[in-house]
Amino acid sequence: MKRFKQLLAVLIILLTFYVSAQQAFEDNLIDWIPSNQSDYTGVYELGQQERQAFLRVISTPNYKIFQLKTNFQYIVGGPRDVRFHTYSNTTIDEHGNVSFEEHKGQFVKYCDFFGDTIYSIRFKPALTDMSPLYELGKRKKLESSYKGKFIQASTAELKANDLTGLTPKQLQIMRNEIFARYGYIFKEGGEMSRYFKNQYWYKPERTEVNELFTELEKSNIQLIQKEEASR
């Protein structure tokens, strides 16, 4: 009984220290309010190692995309279970507060040990189940989560003049890259199947991916198809 009380006392001390340290860190967070909300565009890392989670944020004049990509490994050395969820009812206000579905967060920034500014998004309570009370995701480059030669087809609002300089082959690859990034299984032996099997990042996993597309990707696919039809 005495040993149990000692262990309990140690746990209380550690928990108190953690809460104090967490509060001290939160006190150093600053509201991140850029002159243009497009600066929020990026990939925010929420998980690590076996339970990776990345919040993809695409902010354009007409779209506010929040898409969670999880990449879980349930058995050490086993395959990863990759899933996507695109949130609805997304908003970003003038103070950097975000809201989608039942979740609320805020864009913040802070200085690290080396004096570098770290841009992040904070959720309290957490967005994922990896941290029940608090979650802070650091922004990474889009290229860390989007692969291919034409990632702008998934990350930017394309205009007709963005496509005029591309060859029919390039347009075909740009459009199909959107499918490939979600692991679409192309027709065996077909041109796109052969092409993407030679891309290191491509992992054929799904026979249907249309329901995973963001509204931005759907719009870009239509624009690319229109340009292809005009050739």
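All right, on to the layout of surface pockets then. Empty space among the atoms can be located by rolling a probe the size of a water molecule over them. Put simply, the largest pocket is a space of about 440 Å³. Elements that contribute at least two residues to the lining of the largest pocket include exactly β3 (51-59), β4 (64-72), β5 (81-86) and α3 (168-181). The biggest single contributor to the lining of the largest pocket is β3, with 3 residues. The residue inventory of the lining of the largest pocket, partitioned by class, reads 9 nonpolar, 5 polar and 8 charged.

This part takes up the nonpolar core. Leu163, Met174, Tyr182, Phe186, Phe196 and Phe213 are the most contacted members of the largest nonpolar core, which totals 25 residues. When contributions to this core are tallied by element, the ones reaching two or more residues are β5, α3, α4 (191-197) and α5 (215-230). A per-element tally of this core places α3 first, with 6 residues. Beyond its immediate sequence surroundings of up to four residues, Phe186 is in contact with Asn176, Phe179, Ala180, Met192, Ser193, Phe196 and Tyr202. Of all hydrophobic cores here, the second largest spans 17 residues; its members include Tyr40, Phe66, Leu68 and Tyr87.

Here we come to unusual backbone geometry. Between Lys124 and the following residue, Pro125, the backbone shows a cis peptide bond with an omega angle of 10 degrees. Not every positive phi belongs to a glycine, and Glu101 is a case in point at roughly 50 degrees. Relative to the helices and strands, Glu101 resides in the loop between β7 (97-100) and β8 (103-111). Glu101 gets classed as partly exposed once you look at its relative accessible area, which sits at 33%.

Rules behind the numbers
Residues numbered from 1 in each chain as written. Predicted model: local features only at pLDDT ≥ 70, side-chain atom pairs only at ≥ 80, totals over all residues. Heavy atoms only, no water. 1 Å grid on protein atoms, 1.4 Å probe; cavity = no way out; pocket = protein on both sides within 12 Å on 5 of 7 lines; lining within 4 Å. Points joined across faces, edges and corners; volume = space filled by probe spheres on them. Helix = DSSP H or I, 4+ residues; strand = E, 2+ residues; numbered from the N terminus. Nonpolar A, V, L, I, M, F, W, Y, C, P; charged D, E, K, R; others polar. Core = buried A, V, L, I, M, F, W, Y, C linked by side-chain atoms within 4.5 Å. Buried < 20%, exposed > 50% of the residue type's maximum accessible area, 1.4 Å probe, protein only. Contact = heavy atoms within 4.5 Å.

Function cannot be read off these values alone, since they describe shape.
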